[in-house]
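A look at the structure
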Amino acid sequence: MELRMLGTTGIKITPIIMGTWQAGKAMWTGIEDAETTKAIRAAFDAGITTIDTAEVYGDGHSEQIIGEALADVRERVVYATKVFPNHLRYNQVMEACDRSLRNLKTDYIDLYQIHWPSGSFGTKRISIEETLRAMNDLKKKGKIRAIGVSNFSRAQLEEAANYTRIESLQPPYSLFWRQVEKEEMPYCVENNMTILAYSSMAQGILTGRFGPGHQFAKGDHRSKNKLFEPEHYNRVQQALKKLRPIADAHGITLGQLALAWVIAQPNTCAIAGARNARQVIQNAQAGRVRLSESDLSEMDAIGRIVTDFLDPDPVMWKW
């Protein structure tokens, strides 16, 4: 798989990134550690050598599964993890990083990210200067190689840039969720920052496997995704029908088409989760798809069937 540069770091990452929220099990259903481990290893074997996780995914469980699955190839993979907003004081960041290092069975993290801005989910507000001072010190100590943020607005990116070099932004971004294009994407392009798009298949919606009236199992957080609300979901189904001929013309699945669209956008890589090895292999194959300008233009118009009716709030869920 063709590698791309992470910001200005010299760290090379894959355009398709293995997402591992589901590996933590919390807020998901039907997840088995053995299958997750096989999926992570299948990602590596298929050329996906960049893995994204977070301390909050199962209270470290996702990180632990990754550490076990890839310990013997650590030097050939890139680890990106995140610190949650309840751990943004200086000492808390230092401690959280050490926990993640232990979980991942490594002595360095390639990309360490602030998961959500301070104050999110009712957490205490901590100055970005204090948090980034800790991350700068972690970098000086060699415990992390690069600093990124997730779910930040343009104003928050600009403030953070006063205290350190921010190499990446991780926002929700897919053909059906495009708020980042208005302000944050232009800033990232201008400042040579990489966009690591999460929910790049709109949490499975863009795979086409969820038909009209789909109901999630109890405990599955996707039931709170705004795109599944009836007024939006009807338009989602209309848009999927229009996307199928494009996927068919390329001989690929709808999910692969969705990933190919994301990685064709400026400075953008796609984080894609998977429950099993089969899904991972499909995701990896999307890295070789090349969409024409005509394809991209047509898909842009189809995506707006959904996005033109969404509110400007970038958060995908009603929690």
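Residues numbered from 1 in each chain as written. Predicted model: local features only at pLDDT ≥ 70, side-chain atom pairs only at ≥ 80, totals over all residues. Heavy atoms only, no water.

For the rest of this paragraph, the subject is the packing of aromatic side chains. On inspection of all chains with the given rule, the structure shows six aromatic pairs. Here W21 and Y57 contribute two aromatic rings whose centre-to-centre distance is 5.9 Å and whose plane-to-plane angle is 20°, an arrangement assigned as stacked. Placement of the pair is W21 in the loop between β3 (16–19) and α1 (33–45) and Y57 in the loop between β4 (50–52) and α2 (61–70), with a sequence separation of 36 residues. These aromatic residues form a ring-pair network of at least three members: F84, W116 and F121. We note R74 situated over the ring of Y108; from NZ or CZ to the ring centre the distance is 4.0 Å. In this structure, R235 packs its charged tip against the face of F309, placed 4.0 Å from the ring centre. (Phe/Tyr/Trp six-rings, centres within 6.5 Å; stacked < 30°, edge-to-face > 60°. Helix = DSSP H or I, 4+ residues; strand = E, 2+ residues; numbered from the N terminus. Lys NZ or Arg CZ within 6 Å of the ring centre and 35° of its normal.)

Once that is clear, we can look at the pairing of strand β9 (residues 194–197). Sheet faces and side chains relate simply in a regular strand, where the side chains alternate between the two faces. Residues of β9 alternate between two faces, with T194 and L196 on one and I195 and A197 on the opposite face, all of them buried. Where strand β8 (residues 168–170) meets β9, two bridges bridge the pair, whose relative direction is parallel. When the sheet's bridge partners are listed, S168 is paired in β9 with T194. Following the backbone out of β8, through helix α6 (residues 184–190) and into the adjacent parallel β9, one traces a crossover that is right-handed. The pairing of β9 with strand β10 (residues 268–273) spans three bridges and is classified as parallel. Residue A197 lies in a different strand from β10, and its bridge partner there is A270. (Buried < 20%, exposed > 50% of the residue type's maximum accessible area, 1.4 Å probe, protein only. Pairing = 2+ DSSP bridges. Right-handed = clockwise from strand over helix to strand, strands pointing away.)

Turning next to the nonpolar core. The biggest cluster of nonpolar side chains holds 110 residues, and the ones touching the most others in it are M18, L70, Y112, F176, L206 and L243. Looking at which element gives the most residues to this core, the answer is helix α8 (residues 254–263), with eight residues. Apart from the residues within four sequence positions on either side, F176 is in contact with I205, L206, L227, V236, A239, L240, L243, G303, V306, T307 and L310. (Core = buried A, V, L, I, M, F, W, Y, C linked by side-chain atoms within 4.5 Å. Contact = heavy atoms within 4.5 Å.)

The next subject is the environment of E190. Along the chain, the position of E190 falls in helix α6. A relative accessible area of 61% places E190 in the exposed class. Separated by 20 residues in sequence, E190 and Q170 place their C-alpha atoms 16 Å apart.

The sheet built from eight strands closes into a barrel, its strands ordered β3-β4-β5-β6-β7-β8-β9-β10 with parallel pairing. Strand after strand, the sheet turns through a mean of 30° between neighbouring axes, direction not considered. Where β3 and β4 come together, two bridges link them in parallel fashion. Bridge pairing in β4 links G19 to D52. (Axes fitted to C-alpha atoms, helices over the stretch in contact; angles between N-to-C directions.)

Going through the model one piece at a time under the given rule, you end up with 21 salt bridges. For E129, the salt bridge identified is with R133, shortest N-O distance 3.2 Å. Of the two residues, E129 and R133 both sit in helix α4 (residues 128–140), four residues apart, roughly one turn of that helix. Given the relative accessible area of 30%, E129 is considered partly exposed. (Salt bridge = Lys/Arg side-chain N within 4 Å of Asp/Glu carboxyl O.)

Checked against the element boundaries, S100 lands in helix α3 (residues 90–104). Apart from residues lying up to four places away in sequence, S100 is in contact with E55, E63, T81 and I109.

The next point concerns helix α9 (residues 277–285). Among the residues of α9, Q279, V280, N283 and A284 are the ones counted as buried. End-on, the buried residues of α9 take up no more than an arc of 140°, which puts them together on one face. Looking at the buried positions of α9, the neighbouring elements they touch are β3, α1, α8 and β10. Sitting at the head of α9, N276 places a side-chain oxygen 3.2 Å from the backbone nitrogen of R278. (Arc of directions from axis to C-beta. Polar contact = N/O pair within 3.5 Å; in protein donor to acceptor, adjacent residues only side chain to side chain.)

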